[in-house]
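# Fold and contact review
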Amino acid sequence: MLKKLKLILLLALISGSPVFAQKQIGTETYAQKQKRMEWWTDSRFGMFIHWGLYSGAARHEWVKHNEKIDNAGYQKYFDQFNPDYFDPKKWAHAAKAAGMKYAVLTTKHHEGFCLFDSKYTDYKAPNTAAKRDLVREYVNAYRAEGLKVGFYYSLLDWHHPDYTIDEIHPQSPKDKSDASYAQLNKGRDMAKYRQYMRNQITELLTNYGKIDILWLDFSFPNKNGHGKGKDDWGSVELLKLIRKLQPGIIVDNRLNLEEYKDGADFETPEQVSTAELAKYRGKTWETCQTFSGSWGYYRDENTWKTHRQLLDLLITSVSNGGNLILNVGPTARGEFDYRATRALDSLATWMHANNRAIYNCTFAPDIYKVPENDKLTYNAKTKRLYVHLYDYPAGGTITLPGYAGKIKYAAFLNDASELLYKPSATNPDDLILTLPAKKPLYEIPVVELTLN
Ligand code: GLC
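Residues numbered from 1 in each chain as written. Predicted model: local features only at pLDDT ≥ 70, side-chain atom pairs only at ≥ 80, totals over all residues. Heavy atoms only, no water.

## Some points on the site of the ligand
In plain terms, the rule: Nearness is judged by heavy atoms alone; a residue qualifies as near a molecule or strand once a single heavy atom is within 4 Å of it. Any N or O atom pair separated by 3.5 Å or less is treated as a polar contact, with the protein-specific requirement of one donor-capable and one acceptor-capable atom, and with residues adjacent in sequence counted only for side-chain atom pairs. Each accessible area is a Shrake-Rupley result for a 1.4 Å probe, and residues are judged covered by the shown protein chains and nothing else.
Close contacts around the ligand come from 13 residues, with H50, E61, H109, H110 and E270 the closest. Between E61 and the ligand, the recorded distance is 2.6 Å, taken from a side-chain N or O atom to an oxygen atom. Bound to the protein, the ligand loses 94% of the 300 Å² it would expose on its own.

## Things to note about the pattern of salt bridges
Rule in force here: For this document, the term salt bridge refers to a Lys or Arg side-chain nitrogen within 4 Å of an Asp or Glu carboxyl oxygen. The rule is simple: take the accessible area with a 1.4 Å probe, protein chains only, and divide by the maximum for that residue type; under 20% is buried, over 50% is exposed, in between is partly exposed. Starting at the N terminus, helices and strands are each numbered in turn, a helix being any DSSP run of H or I of at least four residues and a strand any DSSP run of E of at least two.
In this structure the tally under the stated criterion is 25 salt bridges. Close ionic contact of E38 with K35 constitutes a salt bridge, the shortest N to O distance being 2.9 Å. Its relative accessible area of 34% is what places E38 among the partly exposed residues. Salt-bridge contacts for R384 lead to E448; the nearest nitrogen and oxygen are separated by 3.3 Å. Of this pair, R384 sits in strand β9 (residues 384–388) while E448 sits in strand β14 (residues 446–451), and the two are 64 residues apart along the sequence. Classification of R384 as partly exposed rests on a relative accessible area of 25%. For E448, a relative accessible area of 7% puts it in the buried group. One salt-bridge network, held together by shared partners, links E28, R36, R243 and D265.

## Things to note about the layout of surface pockets
Note the following rule: Computed over the protein atoms alone on a 1 Å grid, cavities are sets of points where a 1.4 Å probe fits but cannot get out and pockets are open sets with protein on both sides within 12 Å along at least five of seven lines; a residue lines them when it has an atom within 4 Å of a point. Grid points are joined across faces, edges and corners, and a volume is the space filled by probe spheres set on the points. Throughout this entry, Asp, Glu, Lys and Arg are counted as charged residues, while Ala, Val, Leu, Ile, Met, Phe, Trp, Tyr, Cys and Pro are counted as nonpolar. The remaining residues, Gly among them, count as polar.
By volume, the second largest pocket is sized at about 240 Å³. Considering the residues around the second largest pocket, the lining is formed by 14 residues, among which G26, T27, E28, R243 and D262 are closest to the centre. Of all the elements in the fold, those that place two or more residues in the lining of the second largest pocket are α2 (30–36) and α12 (235–245). Take the lining of the second largest pocket: its biggest share by element is three residues, from α12. Each residue belonging to the lining of the second largest pocket can be placed in one class, and the counts come to four nonpolar, two polar and eight charged.

## Here we look at the sheet that holds strand β4 (residues 213–217)
Basically, it comes down to this: At least two bridges found by DSSP between two strands are what make those strands a pair.
Ordered in space as β5-β4-β3-β2-β1-β7-β6, the seven strands form an open sheet in which the pairing is parallel. The sheet terminates laterally at β5 (250–251) and β6 (286–290), the two strands that pair on one side only. In the sheet, strand β1 (residues 45–49) pairs with strand β2 (residues 102–108) via four bridges, with the strands oriented parallel. Of the residues in β2, the one forming a bridge with F48 is V104.

## Structural notes on the sheet that holds strand β8 (residues 375–379)
To keep it simple, the criterion reads: Simply put, an axis is a line fit to the C-alpha atoms, just over the touching stretch for a helix, and the angle between two N-to-C directions goes from 0 to 180 degrees.
Taken in spatial order, the four strands make up an open sheet running β8-β9-β14-β11, and their pairing is antiparallel. A strand with exactly one partner marks an edge of an open sheet, and here the two such strands are β8 and β11 (407–412). Strand-to-strand twist across the sheet, computed as the mean angle between neighbouring axes with direction ignored, equals 20 degrees. Pairing geometry for β11 and β14, over five bridges, is antiparallel. Its bridge partner being in β14, F412 is matched across the sheet by V447.

## Observations concerning the packing of aromatic side chains
What counts here: Working definition: a ring pair exists when centres of Phe, Tyr or Trp rings (six-membered ring for Trp) sit within 6.5 Å. Plane angles under 30 degrees give stacked, over 60 give edge-to-face, the rest tilted.
Enumeration according to the criterion identifies 29 aromatic pairs in this entry. Look at Y193 and Y196: their rings are 6.0 Å apart centre to centre, the planes differ by 35 degrees, and that puts the pair in the tilted class. Taken together, the residues Y193 and Y196, both in helix α10 (residues 190–206) and three residues apart, mark about one turn of the helix. On the accessibility criterion, Y196 (7% relative accessible area) is buried.

## Overview of unusual backbone geometry
The peptide bond linking D217 to F218 adopts the cis configuration, its omega dihedral lying at -10 degrees. Positive phi, normally seen in glycine, also occurs at N222, with a value near 65 degrees. Relative to the helices and strands, N222 is located in the loop between β4 and α11 (230–233). Here N222 falls in the exposed class, since its relative accessible area comes to 74%.

## Structural notes on empty space enclosed by the protein
On inspection of all chains with the given rule, the structure shows one cavity of 30 Å³ or more. What the largest cavity holds in volume is close to 110 Å³. Among the residues forming the lining of the largest cavity, the class breakdown is seven nonpolar, six polar and one charged.

## Some remarks on the environment of P371
Our working rule: Throughout, a residue-residue contact means that at least one pair of heavy atoms, one from each residue, lies within 4.5 Å.
Of note, P371 is situated in the loop between α14 (338–354) and β8. Each C-alpha atom, one on P371 and one on T399, is 6.5 Å from the other, the two residues being 28 residues apart in sequence. Setting aside chain neighbours within four positions, we find P371 in contact with L376, V387, T399, L400, P401 and Y403.

Here it is, written out as structure tokens:
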């Protein structure tokens, strides 16, 4: 019995699917999926962009919810929206320089405002002072930089008249009673909203050429009957439509299709700590993280992550076999805030010197022990192992535990300068690597080991 269970678990692991998720929507095999996702897995690093009317309020993209603002009260952000400095070529350039390989832009966030030109609503950028389809310019600019292009589309819509009031809607009833919900939802029709979503997603996936990623956000079933999930969105049919329109597209996991093996392409641990990322080893995932606490531009938010924290997120993601998508929240004038720019510039410097330890890398096989206080990434194709020196040794040496006979060359990655090593006098299985007394300029320098 135990043997059988082990076998099932092993098979599930090999096929990359949770044991419970045996139902399938399409016919793609695991190998085909891996092939489809190869560019994404190899890329490891992307840029998220949250931009909308909330950028003007400048106090969180959930401001409409947090402050219980209704459509009339929110109208001022639409009337004021005038991104006179919007130049996505600059954004794309910054992303590329930082070593990001793809981007995902909020074409519509929970507030319902569309940055693109849609036939199905007037609540869109072309009707603001911007007077044009901002998504199109984003697509063109990022594509021109050779980056892959993704769309975020909010399943929630706090502006649409047919979107029913649920527990997290800005106008949810204080008393939370079924009667109040029923009263508020008179005349609202989710079937119409579902069709609206399908129409808009069809526009997004037909009017802009090849779209590489669709990031749908999010499901919240089980809120005492006032949440939303797969039946509300029509998720199965929606996913079929998406795959029909863009067969190569990569879709996130927020449609509430957990019971299907192919209900999602990747998991999306949001704002989790680096310690938690180890849990995701062996899965396909991307952690989404902000530079500070908010996704949308938040002027007075001051918990900006340090350069070291950002590097740690990137390295730890790759060292556990996942991607990192880092978010920028441009201002309502359409620029990256100086704090975001500074953070991106620092990442650009590090990535220029060390990106070989990121792209096409994953966690190291178990036979390579992690040197104390460091982290490892590994490229199976080039047979290189990367030691990320979190703690630059004052003594000038580090021990590579059990590495004797396993490597043939060691060098700093940033300047390809050789690092000498020899077997340890106390344990010949270990190698002692000598480092210069002066730490290279990089916050976390990387040693590249060429494996035997
Ligand atoms: C969330 C939030 C949101 C943000 C997203 C990014 O679910 O609702 O504002 O867009 O996560 O992961």
